[in-house]
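Examination of the molecular architecture
Chain by chain, the residues:
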Amino acid sequence: MDQWFRIPLTTDEIASNVLMTIQVEFSRLWLASDRNEMALLITQRPNEPAAPYKTALFVSPLSVPLCADLICRYGGTACSEPSPSEAEWFAGDDKFMSSVRLASKVAASNRSQETE
């Protein structure tokens with residue numbers, strides 16, 4: 001299974017602390033599963049305020065079977081894998097942010113700096 005899911009967050013959901021609720025629920029599922037590569041990514045950077053209509057969570061493919069209820073409850077839709085420059089680790093297996101994914105992020109960052 002290679003299908004990713006994107007969960008967009010509304011202004012109201014951000015204001016009502018849904019990010020933390022999803023993070024805690026996902027972490028509980030991940031810890032109970034003992035699965036590698038089960039990760040939840042986020043479009044915002046750590047310590048930045050959530051941006052309404054621009055903040056989204058991405059559920060990795062190996063997480064989907066265990067997170068189907070969470071994906072459904074928060075309106076997740078199928079999507080392609082987010083690029084390393086588009087999303088950061090938010091919960092689950094931090095080893096998911098492998099050297100290959102991090103190398104892709106560095107390369108994308110270097111390309112954007114070259115065009116400035």
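To keep things clear, this report deals only with the structure shown in the data block. Model, not experiment: these values are computed from the prediction. (Residues numbered from 1 in each chain as written. Predicted model: local features only at pLDDT ≥ 70, side-chain atom pairs only at ≥ 80, totals over all residues. Heavy atoms only, no water.)

**With respect to the sheet that holds strand β4 (residues 77-79)**
The strand order across the open sheet built from five strands is β4-β1-β3-β2-β5, with neighbouring strands paired in antiparallel fashion. Each having just a single partner strand, β4 and β5 (88-92) make up the two edges of the open sheet. This sheet shows a mean twist of 35° between the axes of neighbouring strands, independent of strand direction. Here strand β2 (residues 39-42) pairs with strand β3 (residues 56-59) via three bridges, running antiparallel. Bridging across to β3, L40 finds its partner in V59. Seen against the sheet, helix α2 (residues 18-33) touches β2, β3 and β5 and runs at an angle of roughly 55° to β5. (Pairing = 2+ DSSP bridges. Helix = DSSP H or I, 4+ residues; strand = E, 2+ residues; numbered from the N terminus. Axes fitted to C-alpha atoms, helices over the stretch in contact; angles between N-to-C directions. Contact = heavy atoms within 4.5 Å.)

**Describing unusual backbone geometry**
In this model, N17 sits at a positive phi of 65°, which is unusual for a non-glycine residue. Classification of N17 as partly exposed rests on a relative accessible area of 40%. (Buried < 20%, exposed > 50% of the residue type's maximum accessible area, 1.4 Å probe, protein only.)

**A look at the environment of C72**
Mapped onto the elements, C72 comes out in helix α3 (residues 64-73). Using a relative accessible area of 64% as the deciding quantity, one classes C72 as exposed. The sequence separation of C72 and I7 amounts to 65 residues, and the corresponding C-alpha distance is 9.1 Å.

**Regarding the pattern of salt bridges**
The tally for this structure, following the rule as stated, stands at two salt bridges. Across the salt bridge formed by E25 and R73, the nearest N and O atoms sit 2.7 Å from each other. Pair noted here: E25 is in helix α2 and R73 is in helix α3, with a separation of 48 residues, a long-range link. Residue classification places E25 among the partly exposed residues on the basis of a relative accessible area of 23%. D69 is the salt-bridge partner of R73, the closest N and O atoms lying 2.6 Å from each other. Here R73 and its partner D69 are both found in helix α3, four residues apart, which amounts to about one turn of the helix. The class of R73 is partly exposed, set by a relative accessible area of 41%. Here the salt bridges share partners, and the residues they tie into one network are E25, D69 and R73. (Salt bridge = Lys/Arg side-chain N within 4 Å of Asp/Glu carboxyl O.)

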